[in-house]
Amino acid sequence: MDDSASEARFIKTALGTGFQVETFPDGAAMLERLHSGRAPDVVVLDWEMPGMSGPEVCQFLRSQPEMEVLPVLMLTAHNRPEDLVLGLRAGANDYVAKPFRTEEVRARVNALVRTKRLVDEVRRADREKAEALAQLDALLISSPVGLSLLDRDLRFVRVNARMAMLDGLPLDAYVGRTLGEVLPRMAPRLEPVLRRVLETGEPVEELAFSMKQPGAAPDADAAGSELHLMVGFHPVRTTGGEVVGVGTVVVDVTRHKQAETELRAAAEFRERFLGIVGHDLRNPLNAIRMSASFLIASEQMPAPLMRTAGRIVSSADRMTRMITELLDFTRSRLGGGIPLTPGAMDLGGLVRQVVEELELVHPSRVVKVTSTGTLTGRWDADRLTQVLSNLVSNALQYSPPDSVVEVSLQGGPEQVVARVANPGEPIAPQELGLLFHPFQRAHTGAHVPSGLGLGLFISQQIVRSHRGTLTVESDAARTVFTLMLPRGS
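The structure presented is a predicted model; accordingly, all values stated were derived computationally and were not measured.

K.L.:
Just to check I follow, could you spell out the nonpolar core for this structure?
P.N.:
Soluble globular proteins tend to pack their nonpolar side chains together in the buried interior. In terms of nonpolar packing, the biggest core is built from 40 residues, with Leu347 and Leu483 touching the most fellow members. Elements with a minimum of two residues in this core: α11 (303–333), α12 (347–361), α13 (381–397), β12 (404–411), β13 (415–422), α15 (455–465), β14 (469–474) and β15 (479–486). The leading source of residues in this core is α13, at 7 residues. By size, the runner-up hydrophobic cluster in this structure holds 29 residues, among which are Ala164, Leu166, Val193 and Met211.

K.L.:
Quick question: what am I supposed to make of the packing of α12 against α13 here?
P.N.:
The axes of two packed helices give the description: the angle between them and the distance between them. The contact between α12 and α13 brings their axes to 10 Å, and the two run at 50 degrees. By the criterion of interaxial angle, the relationship of α12 to α13 is oblique. Remark: the crossing between α12 and α13 carries right-handed chirality. Contact with α12, carried on its side by Leu347, Leu350, Val351, Val354 and Leu358, involves Ala381, Leu384, Thr385, Leu388, Ser389, Val392, Ser393 and Leu396 of α13 and no other residues of that element.

K.L.:
How do you make sense of unusual backbone geometry when you look at a structure like this?
P.N.:
For residues other than glycine, phi is negative in most cases, and the peptide bonds are mostly trans. The backbone phi angle of leucine 154 is positive, close to 60 degrees, even though this residue is not glycine. Here leucine 154 lies in the loop between β4 (146–151) and β5 (156–159). Here leucine 154 falls in the buried class, since its relative accessible area comes to 2%. The phi torsion at arginine 467 lies on the positive side, around 65 degrees, for a residue other than glycine. By the element assignment, arginine 467 lies in the loop between α15 and β14.

K.L.:
I keep staring at the packing of aromatic side chains and nothing clicks. Help me out?
P.N.:
Note on aromatic pairs: each is described by the distance of the centres and the angle between the planes. Tallying each qualifying case throughout the model produces 2 aromatic pairs. Geometrically, the ring pair formed by phenylalanine 156 and tyrosine 174 is edge-to-face, given 5.1 Å between the ring centres and 85 degrees between the ring planes. With phenylalanine 156 in strand β5 and tyrosine 174 in the loop between α6 (161–167) and α7 (179–182), this pair connects stretches of sequence that are 18 residues apart. Among the residues examined, tyrosine 174 registers a relative accessible area of 0% and is labelled buried.

K.L.:
I would appreciate a short explanation of the packing of α13 against α15 in the present structure.
P.N.:
In contact at an axis separation of 9 Å, α13 and α15 are set at 140 degrees when each is read in the N-to-C sense. For the element pair α13 / α15, the angle class is oblique. At the point where α13 passes α15, the crossing takes the left-handed sense. Along the contact surface, α13 presents Arg383, Gln386, Val387, Asn390, Leu391 and Asn394, while α15 presents Gly455, Leu456, Ile458, Ser459, Ile462 and Val463. A breakdown of the residues in the contact of α13 with α15 according to their chemical character gives 6 nonpolar, 5 polar and 1 charged.

K.L.:
What's the story with the pairing of strand β3 (residues 94–97) in this structure? I'm lost.
P.N.:
The side chains of a regular strand alternate, first on one face of the sheet and then on the other. Of the two faces of β3, the one lined by Asp94 and Val96 is fully buried and the one lined by Tyr95 and Ala97 carries no buried residue. Of the pairings in the sheet, the one linking strand β2 (residues 72–76) to β3 comprises 4 bridges and is parallel in character. Looking at the pairing, leucine 73 lines up with aspartate 94 of β3. The parallel pair β2 and β3, bridged by helix α4 (residues 81–90), forms a crossover whose chirality is right-handed.

K.L.:
Which parts of the structure should I look at to understand the sheet that holds β3?
P.N.:
Backbone hydrogen bonds hold the strands of a sheet together, and the pairing may be parallel or antiparallel. Pairing is parallel in the open sheet, where 3 strands are placed in the order β1-β2-β3. Each edge of the open sheet is held by one strand with a lone partner, namely β1 (43–46) and β3. The mean angle between the axes of side-by-side strands here comes to 25 degrees, regardless of whether they run parallel or antiparallel. Relative to β2, β1 is paired through 4 bridges, and the arrangement is parallel. For valine 44, the partnering residue across the bridge sits in β2 and is leucine 73.

K.L.:
I keep staring at the sheet that holds strand β6 (residues 204–212) and nothing clicks. Help me out?
P.N.:
Read across the open sheet, the 5 strands follow the order β5-β4-β8-β7-β6; overall the sheet is antiparallel. At either margin of the open sheet sits one strand with a lone partner, and together these are β5 and β6. Taking the axes of each pair of neighbouring strands and ignoring which way they run, one obtains an average angle of 25 degrees across the sheet. When β4 meets β5, the two strands line up antiparallel, connected through 3 bridges. For serine 148, the partnering residue across the bridge sits in β5 and is valine 159.

About the criteria used
- Residues numbered from 1 in each chain as written.
- Predicted model: local features only at pLDDT ≥ 70, side-chain atom pairs only at ≥ 80, totals over all residues.
- Heavy atoms only, no water.
- Core = buried A, V, L, I, M, F, W, Y, C linked by side-chain atoms within 4.5 Å.
- Buried < 20%, exposed > 50% of the residue type's maximum accessible area, 1.4 Å probe, protein only.
- Helix = DSSP H or I, 4+ residues; strand = E, 2+ residues; numbered from the N terminus.
- Axes fitted to C-alpha atoms, helices over the stretch in contact; angles between N-to-C directions.
- Parallel < 35°, antiparallel > 145°, perpendicular 65-115°, else oblique.
- Left-handed = near helix turned anticlockwise from the far one by under 90°.
- Contact = heavy atoms within 4.5 Å.
- Phe/Tyr/Trp six-rings, centres within 6.5 Å; stacked < 30°, edge-to-face > 60°.
- Nonpolar A, V, L, I, M, F, W, Y, C, P; charged D, E, K, R; others polar.
- Pairing = 2+ DSSP bridges.
- Right-handed = clockwise from strand over helix to strand, strands pointing away.

Written out as structure tokens, the structure is:
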């Protein structure tokens, strides 16, 4: 604005078509316009104006928070240094002395516009940064895990309350201090990892870390006072990809670790208990069986008592098999595996022996055995007898009384395959996947499950110890168990 309408028109012409120019007759009109609309990029003031002078208008603008950075160019005929200082102190950013040249006015306005836009960009960036930091602070406060940011010098930039609580330190103990200053005991282990993240830009995840619980007594039990942490380190990058720091995520897994330890201890106790009970039960069972067998062999008891003694022997044998299964189960679950004593043997002869023994128990049943190829290899005969006896016995139990159970043997160049097939009710698909799990038994309309449900689990463990496989298929026509044994086991 200017005190001369002609000068105002001259300035408007000087700025050309590159600017949208609005003129006012005095300072009051301009101030009213500024309060009612969008702020301009530059204000051009004449020193001498009706009512308020240029310095007075400028001083008023600087008193308003929304106008304090608005660029102001002062046009003045006052060339004394003290007058120019007065104008600049009032808040003018620049001045042009009268009489002025149009090129100079345009150049100075352009410079102030560029400065204004740069300032706007900086302020916008500051606002965005403040908003991002506010969001980050909200995340840090609400996060259930420990979070922190460190710069390239490994100085803490931000830390949340959860991190401070895990370390047992006040929140104000971090920012501006290095990792070594804040956590001297952990720094020797953590600093090399953080340096590697800064140098390579690659994250480090799931680093297990243990430390004493904050506030725990020095002589406290280690297991009860230990804090188990899972730590991850991630590079913090600029938009250009430069690594400028490291973000740290700390998760307290103490409860999970304790629960895992307790579950493991409970499982080990249960399995050791089963093993001890199974082993200690064998001696009295052997005594009962031997006594009953002695009574039967004496032939001095009446027939009804002989039948009772026979049932005692049969029950003792059944309990002995159950104990054997429990012991094998315990060995496999405690990590020792099923022990083997391999030797040269013929699988065909072993199958015929198993079938003959089962036919004595099931005199009305027929088991058909077929074989092709060489059936010799190095295996544990007693253990494979246990597997095949289990498979054939199951086939007899789960098939109709008038049906035929088929056992087929096929010798190949490097392995021998045995298949045990029986007709009957198919095994439900949802049960097939669980059949080799411990304490699982098939349920069909043809047979009511009995026993512990460990037979197939132990059979599979024995086959695995031979580096073989045991699988099952079942449909409406038949159920087939397939045993594959490498010859060189």
